[in-house]
Amino acid sequence: MTNKNNLLAGELERLGISRRTFLKFCTSIGSVMALSPAQAAVMAEKLVTVKRQSVIWLSFQECTGCTESITRSHKPSLESLIFDFVSLDYHHTLQAASGHAAEQAREQAMHDNQGKYILIVDGSIPIKDDGVYSTIAGMTNLDMLQQVAKDAAAIVAVGSCATFGGLPKASPNPTGAVSVSDIVHDKPIINIPGCPPIPVVMTGVLAHVLTFGIPELDSMGRPKAFYGDSIHDRCYRRPYYDRGQFAKSFDDEGARKGWCLYELGCKGPITHNACATVKWNNGTSFPIQSGHGCLGCSEPDFWDAGGFYKALSTGTNSPGQWATAALAAGAAAGLASAYLNKSSKADAEKDHQPVTLEDMGGKS
Amino acid sequence: MKTPLNLPIEIAAPSTGMAQAVLHELAGHLQQLIESGKTEVIDLTSLPMSSSDKQQLETQLGKGEVDITLTTIGESRIFETAYSGIWWIRHYTADQHLIAELIEICSVPQIIKSHPADMQQALSRLKNTH
């Protein structure tokens, strides 16, 4: 009954991909997932014996950045291999079919794989005024999520909008945007926050689900492998922080020397993500390496957390969670907190001002 | 391609002492390999090492007698360091981006060995040609 061609092994052969190449793929995935190399080899052996997994991808109140991210990985991509291994049965941005044919494909996949398909969601769900603010094929996002989630094996919420509400939820949240986990309570949900998430994090989680099942999650439903450390923990500028060497403005001597950006508002210490190790744009760089602090885009309510250029320890209007973390970070900072505690109100106000071209060009 | 902006920014990579720490760890693993045959891998990508840390480590380990290039999707460059049993492995994508960097402590890195499934396929290809 099980046709070899339905298995990944057959798919590998069809694509002319050797097991050696595949092991390399699994090694790179395993590396970012902090799997032991032995587990990467097990993953390689297991992955080839699984059937092509049906995946339904629903895009709600979002900017398509998450889809952009995942489709802009390396080319030809080892990570993109994972998409040859799943059967992406519905994704209204990527699929060729439209209108009734598209919705029919979704219903067909739901019917054929009842209880077995993986549902991926990007975008938040507006629930104010009965969810009228975002609809697909005349159906509100709320209705569609509930309908498709009902028979899913697991749900992967991709991006900060689906995981935490994201930008649509930013104050004053005009559409009543909420996250997937605010609505669905009876299915396993894996949260992959980020604006957008790192491509390999998405593919890595899929590979893990296909082989070892749901990965270990933290209290916010995030895979510990990617979100277990803060950006700060893995930042190559960390030694400067430990020595108390901080850039005080963009383009001062400290900035040019690549010192820690903590005082320029870097949210690295309270942001859990893998940017510092996996990096962006095919491993080229990540915000801190480019000389800009981390915005904390993978944390809940990052948009409303009180200013991207405000040092954590000066925060006054941060949500409680951030303020607490900032205090802890400030305490550890030693020199940094001493400096920042003394900084005047005028400095704090200055930090609210948008950065101008003159600022970037180097003020005294 | 556009000429990149020539900004007067030099990001100095500090040496953090990580190279020494890894060397110490390697010694332990190599001893274990000799005594019990247990192989080990250190994933350099996930260690908070600066570029100068990595350079320092590579310089100290040096190059040994074996140098291997895999031409999978993208190359992989594998060499034995001057310390027998300690292999440095770099996996690249087709467009030359480094996606994994490991040090494997073993007699032959696992990825070099031929996989039974590949050999099976090779056999059927061979048979078809005759």
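Note that this is a predicted model, so its numbers are computed, not measured.

1. Overview of the overall build of chain A
In terms of helices and strands, chain A carries 18 helices and 9 strands. Of all 364 residues assigned to chain A, the portion counted as buried reaches 50%. Residue pairs in contact within chain A that sit at least 24 positions apart in sequence constitute 70% of those at least 6 positions apart.

2. With respect to the confidence of the model for chain A
Scored by pLDDT, chain A comes out at a mean of 81, with 81% of its residues at no less than 70. Segment residues 316-364 of chain A is flagged for pLDDT under 50; beyond a separation of four residues in sequence, or across chains, it makes 57 contacts in the model.

3. Structural notes on the interface of chain B and chain A
Interface extent is often summarised as the accessible area lost during association of the parts. Chain B puts 31 residues into the contact, and the matching count from chain A is 30 residues. Of all elements in the fold, only β1 (40-43), β2 (67-72), β5 (98-105) and α3 (116-129) of chain B reach the threshold of two or more residues within the side of chain B that touches chain A.

4. Focus on the domain arrangement of chain A
Residue and element names in this part refer to chain A. Taken domain by domain, chain A comprises domain 1 (52-227) and domain 2 (238-362). At the junction of the two partners, domain 1 supplies 15 residues and domain 2 supplies 12 residues. Looking at the side of domain 1 that touches domain 2, the elements that each hand over two or more residues are α8 (159-164), α10 (199-211) and α11 (224-227). Looking at the side of domain 1 that touches domain 2 residue by residue, the class counts come to 10 nonpolar, 4 polar and 1 charged.

5. Considerations on unusual backbone geometry
All names here are of chain A. For the bond running from Ser171 to Pro172, omega is 5°, close enough to zero to count as cis. For the peptide bond that leads from Cys195 to Pro196, omega is -5°, which places it in the cis range. With respect to the secondary-structure elements, Pro196 resides in the loop between β9 (189-192) and α10. Positive phi, close to 50°, is recorded for Asp129, a residue that is not glycine. With respect to the helices and strands, the residue Asp129 is situated in the loop between β4 (125-126) and β5 (135-136). Look at Asp129 and you get exposed, because 10 C-beta atoms sit within 10 Å. Backbone geometry at Asp251 places phi at a positive 80°, although glycine is not the residue there. By secondary structure assignment, the location of Asp251 is in the loop between α12 (238-243) and α13 (253-256). For Asp251, a count of 17 C-beta atoms within 10 Å gives the class partly exposed.

6. What to know about the packing of helix α1 (residues 18-36) of chain B against helix α2 (residues 51-61) of chain B
All names here are of chain B. Look at α1 against α2: their axes get within 8 Å of each other, and the N-to-C directions meet at 45°. Comparing the axis directions of α1 and α2 gives the class oblique. Judged by the twist between their axes, the crossing of α1 over α2 is right-handed. The segment α1 lies against α2, with Met18, Ala19, Val22 and Leu23 engaging Asp53, Gln56, Leu57 and Gln60.

7. Some details on the environment of Ile42(B)
Residue and element names in this part refer to chain B. In this structure, Ile42 sits in strand β1. Ile42 gets classed as partly exposed once you count the C-beta atoms within 10 Å, which come to 18. Through-space distance from the C-alpha of Ile42 to that of Ile105 is 8.2 Å; in sequence the pair is 63 residues apart.

8. Some remarks on the sheet that holds strand β4 (residues 86-92) of chain B
All names here are of chain B. Strand order across the open sheet formed by 5 strands is β1-β5-β4-β3-β2, with antiparallel pairing between neighbours. Every other strand in the sheet has two partners, leaving β1 and β2 as the edge strands with one partner each. On average, each strand axis in the sheet is tilted by 20° relative to the strand beside it, whichever way the strands run. Where β4 and β5 come together, 7 bridges link them in antiparallel fashion. Within β5, the position partnered with Trp87 by the bridge is Glu104.

9. Observations regarding the sheet that holds β9(A)
All names here are of chain A. Taking strand neighbours across the sheet as the criterion, the 5 strands line up as β2-β1-β3-β7-β9 in an open arrangement whose pairing is parallel. The two strands at the open ends of the sheet, each matched to only one other strand, are β2 (86-91) and β9. For this sheet, the mean angle separating the axes of adjacent strands, direction not counted, is 20°. Across the sheet, α10 touches β1 (53-59), β2, β3 (117-122), β7 (152-158) and β9, and the angle it forms with β9 is around 160°.

Analysis parameters
Residues numbered from 1 in each chain as written. Chains lettered and ligands numbered in written order. Predicted model: local features only at pLDDT ≥ 70, side-chain atom pairs only at ≥ 80, totals over all residues. Helix = DSSP H or I, 4+ residues; strand = E, 2+ residues; numbered from the N terminus. Buried ≥ 20, exposed ≤ 12 C-beta atoms within 10 Å, placed from the backbone. Contact = placed C-beta atoms within 7 Å. pLDDT = per-residue confidence, 0-100. Domains from an automatic or database assignment. Nonpolar A, V, L, I, M, F, W, Y, C, P; charged D, E, K, R; others polar. Axes fitted to C-alpha atoms, helices over the stretch in contact; angles between N-to-C directions. Parallel < 35°, antiparallel > 145°, perpendicular 65-115°, else oblique. Left-handed = near helix turned anticlockwise from the far one by under 90°. Pairing = 2+ DSSP bridges.

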